[in-house]
There are 2 protein chains.
Amino acid sequence: MQKRIYNFSAGPAILPEDVLLEAQENLFSLPGVGMSILEISHRSKTFDKIIEEAKADLKILLDINDNYEILFLQGGASLQFSMVPLNLMPPKNKADYILTGSWSKKALKEAKRVGAVKIAASTEENKFNRIPKQSELNLDPDASYVHFTSNNTIYGTEWKSEPETGNVPLVCDASSDMLHKKIDVNKYGLIYAGAQKNMGPSGVTLVIIRKDLLERSADSLHTMLNYKIHVENNSMYNTPSTFGIYIIGLVTKWLKKNGGLDAMYKTNKEKAEILYNCIDNSNGFYKGHAQKDSRSLMNVTFNLATEELEKKLISEATAAGFDGLKGHRSVGGLRASIYNAFPKKGLEDLVVFMKEFQSKNG
Amino acid sequence: MQKRIYNFSAGPAILPEDVLLEAQENLFSLPGVGMSILEISHRSKTFDKIIEEAKADLKILLDINDNYEILFLQGGASLQFSMVPLNLMPPKNKADYILTGSWSKKALKEAKRVGAVKIAASTEENKFNRIPKQSELNLDPDASYVHFTSNNTIYGTEWKSEPETGNVPLVCDASSDMLHKKIDVNKYGLIYAGAQKNMGPSGVTLVIIRKDLLERSADSLHTMLNYKIHVENNSMYNTPSTFGIYIIGLVTKWLKKNGGLDAMYKTNKEKAEILYNCIDNSNGFYKGHAQKDSRSLMNVTFNLATEELEKKLISEATAAGFDGLKGHRSVGGLRASIYNAFPKKGLEDLVVFMKEFQSKNG
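Residues numbered from 1 in each chain as written. Chains lettered and ligands numbered in written order. Predicted model: local features only at pLDDT ≥ 70, side-chain atom pairs only at ≥ 80, totals over all residues. Heavy atoms only, no water.

**Focus: unusual backbone geometry**
Then, number 1: For the bond running from A:Pro90 to A:Pro91, omega is 0°, close enough to zero to count as cis.
Then, number 2: If you trace the backbone, A:Pro91 turns up in the loop between α3 (76–88) and β3 (94–99).
Then, number 3: At B:Lys127, a position not held by glycine, the phi torsion is positive, near 50°.
Then, number 4: Its location among the elements puts B:Lys127 in the loop between β4 (116–122) and β5 (146–149). (Helix = DSSP H or I, 4+ residues; strand = E, 2+ residues; numbered from the N terminus.)

Next comes the structure, spelled out in structure tokens:
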């Protein structure tokens, strides 16, 4: 087997080895088909089975009922920043946005092009190191929807439970923690997530939308920006990312085989605890960015005393086979992204490395 | 080696076996990297090399000079149907569209949402069986641009040379014949093409845009729909389809290794001739849809006397290992898509099969 390193990249990110091996084995020719997954028509029976199974497995994993439609679109979460307001803002043309980091700010920016947007809460003055409390949310009961970002990749914070919005539809950018635990989809009007963290390669975006919200999509919308048209065409108004959907299908099967999302959540908590414990027990050598009650299970962000020391650690870690620990270019510091597919052993090994680094440099 | 069949699919379509084998070998772990191409950050040095090499190879293959920018976007040609008018229609807000099939009609539909659109020519009354002559084009010298579709996958027609538009920028949907021959990019203002025919998997779209046209992209455009922002961010405003760009890079290397686009064009002409000769010499048993001077080198469309006979041929061909010969669901009949990667041997074998079928059923 080819050599692999520990990949802490925030996304595109580590995928399950079983998924990669199966995709590799069949990349030249799908068994019984005689063509590569890259070469088959999206209108073929082979692909129809792939997309239907991926949808069915997502329904099983998340208990999604028939009130919801599942879409596989292109353009990443960034295109959803526009599609959400374009489709869901009418007819009231006002929405509430909760700001917990760079991505929610980007979502807000596009929404402002469409209608009246209110910032329902923001933790920017705390350098986005925490999730706002329910009592801090200034929600308009007449808003078209409330938008939030469930996990903040850059700052390493995560909502422990959804904001309560009453009858106002809840819209969530779940790009960086989708499928890391079971959520109650019935609490949501729309969930979107770029695949390239827990689900698959970049270039495919999962959208789960409550059917009644499709009525808001106006005929005047550009076709490719219209949820209703994508639903009517089962994500195949035009050619979707067939390979991306295929990989999502392999990942959902891997999740089912490994105990589903409850088992995944249990492991994710254990994995994150290993690293957070190391940080908390370092006598301040490692400083976690996120407040404890807002810590992400997916992205662990921390700092050292100086930028120099951070650079030294990153350089030595990379040499030792721990890749992708550099924090996002906009905030610096360190970040360990430890998605579903990241092995527990990788965290145990990282902690050994970090303790050694501290003893030499502390 | 795993068994493969002859894949006549219109897209996603056949890819070079060398490309599939290299992608397969490295899918689990890129040599010297220790991660899959599916797992590496788009901000990594590894990916930076991949995207820059793909761009450089496209520049070599098509002699693209520094007046042009190369983008790898998402959403397929269908999203370009909207992005082109949204970006290029201002400030005059009028454009000319030449209709040669279903795809140009779809492009027209989105353009109408943006500004005043004139149909400069249409061959719909001939069931799109031909490309209009230059003398038939009713062009406005003051239009923002002229849009045409270089190859019509569904009807099997193709422009032999570009329409002449004087100083008005020429915009081309080249989804289904991009890279099948060398074109003079300097004749174009913008060329776009979904990758899933001659270039790679579905989910990545090539856009080549003349730099001066970027000035038309207004700041008020949604970020993901703004060419200028994609150029400023080298196609990485958000995460692009990293795998798609990787495969395009392998395909461009394969093209270079096999003599470039002139060699490809020579082979494509030979390949198409094999099938068109069979049709022309069948005493009317096989009837080509396209007029001879408008025939596509990429998609050969033809009919038999009855739908029953067509179904019989498709069924027997599929059983014999010739897959994807069914015509587009909107027009019926038969279609053999024979892109760059399709082997000459496959056409020779198909013709043997077709002659046998004729002798049994003629």
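**Remarks on the interface of chain B and chain A**
Then, number 1: Contacts between the two partners involve 66 residues from chain B, matched on the other side by 65 residues from chain A.
Then, number 2: Between chain B and chain A lies a buried interface of about 5300 Å² when both sides are counted; carbon and sulfur atoms form 55% of it.
Then, number 3: When the buried area of chain B at its contact with chain A is split by residue, B:Phe28, B:Glu39 and B:His222 rank highest and sum to 16% of it.
Then, number 4: Summed over the shared surface of chain B and chain A, the result is 2 salt bridges.
Then, number 5: Between A:Arg4 and B:Glu39 there is a salt bridge, and its shortest N-O distance comes to 2.7 Å.
Then, number 6: The interface formed by chain B and chain A holds 35 residue pairs in polar contact (both at pLDDT 80 or more) in total.
Then, number 7: Counting residues per element, the ones that place at least two in the side of chain B that touches chain A are α1 (17–26), α3 (76–88), α4 (102–111) and α6 (242–257) of chain B.
Then, number 8: Ranked by the residues each element gives to the side of chain B that touches chain A, the list is headed by α1(B), at 7 residues.
Then, number 9: Grouping the amino acids of the side of chain B that touches chain A by side-chain chemistry returns 27 nonpolar, 26 polar and 13 charged. (Contact = heavy atoms within 4.5 Å. Buried area = accessible area lost by both parts, 1.4 Å probe. Salt bridge = Lys/Arg side-chain N within 4 Å of Asp/Glu carboxyl O. Polar contact = N/O pair within 3.5 Å; in protein donor to acceptor, adjacent residues only side chain to side chain. Nonpolar A, V, L, I, M, F, W, Y, C, P; charged D, E, K, R; others polar.)

**Quick word on the sheet that holds strand β12 (residues 299–303) of chain A**
Residue and element names in this part refer to chain A.
Then, number 1: Pairing is antiparallel in the open sheet, where 3 strands are placed in the order β11-β12-β14. The outermost strands of the open sheet, each flanked by one partner alone, are β11 (287–288) and β14 (334–337).
Then, number 2: Relative to β12, β11 runs antiparallel, the two sharing 2 bridges. Looking at β12, one finds that Lys287 is bridged to Asn303. (Pairing = 2+ DSSP bridges.)

**Focus: the sheet that holds strand β14 (residues 334–337) of chain B**
Residue and element names in this part refer to chain B.
Then, number 1: Strand order in the open sheet formed by 3 strands is β11-β12-β14, with antiparallel pairing between adjacent strands. In the strand order of this sheet, the two ends are held by β11 (287–288) and β14, each with one partner.
Then, number 2: Pairing of strand β12 (residues 299–303) with β14 involves 4 bridges; the strand directions are antiparallel. Looking at the pairing, Thr301 lines up with Arg335 of β14.
Then, number 3: Where helix α7 (residues 260–280) meets the sheet, its contacts fall on β11, β12 and β14, and the angle it forms with β12 comes to roughly 15°. (Axes fitted to C-alpha atoms, helices over the stretch in contact; angles between N-to-C directions.)

**Some thoughts on the domain arrangement of chain A**
Residues and elements named next belong to chain A.
Then, number 1: Assigned domains of chain A: these are domain 1 (6–13 + 260–361) and domain 2 (18–257).
Then, number 2: Centre-to-centre, using C-alpha coordinates, domain 1 lies 26 Å away from domain 2.
Then, number 3: In this assembly, 29 residues from domain 1 lie in contact with 28 residues from domain 2.
Then, number 4: The contact between domain 1 and domain 2 buries some 2400 Å² in all, and 56% of this surface belongs to carbon and sulfur atoms.
Then, number 5: In terms of surface lost to domain 2, no three residues of domain 1 exceed Leu261, His289 and Ser294, which account for 25% of the buried area on that side.
Then, number 6: Joining domain 1 to domain 2, the criterion identifies 0 salt bridges.
Then, number 7: Counting the contacts that link domain 1 with domain 2 gives 17 residue pairs in polar contact (both at pLDDT 80 or more).
Then, number 8: Every element with two or more residues in the side of domain 1 that touches domain 2 is listed here: α7 (260–280) and β12.
Then, number 9: Among the elements that take part in the side of domain 1 that touches domain 2, α7 stands out by supplying 7 residues, more than any other.
Then, number 10: Partitioning the side of domain 1 that touches domain 2 into residue classes produces 13 nonpolar, 12 polar and 4 charged. (Domains from an automatic or database assignment.)

**With respect to the packing of α7(A) against helix α9 (residues 344–361) of chain A**
All names here are of chain A.
Then, number 1: For the pair α7 and α9, the least separation of the axes is 9 Å and the interaxial angle reads 5°. What the angle tells us is that α7 and α9 run roughly parallel. Residues Glu270, Lys271, Ile274, Leu275 and Cys278 of α7 form the contact with α9, whose own contacting residues are Lys344, Leu347, Glu348, Leu350, Val351 and Met354.
Then, number 2: Residue composition of the contact of α7 with α9, grouped by class: 7 nonpolar, no polar and 4 charged. (Parallel < 35°, antiparallel > 145°, perpendicular 65-115°, else oblique.)

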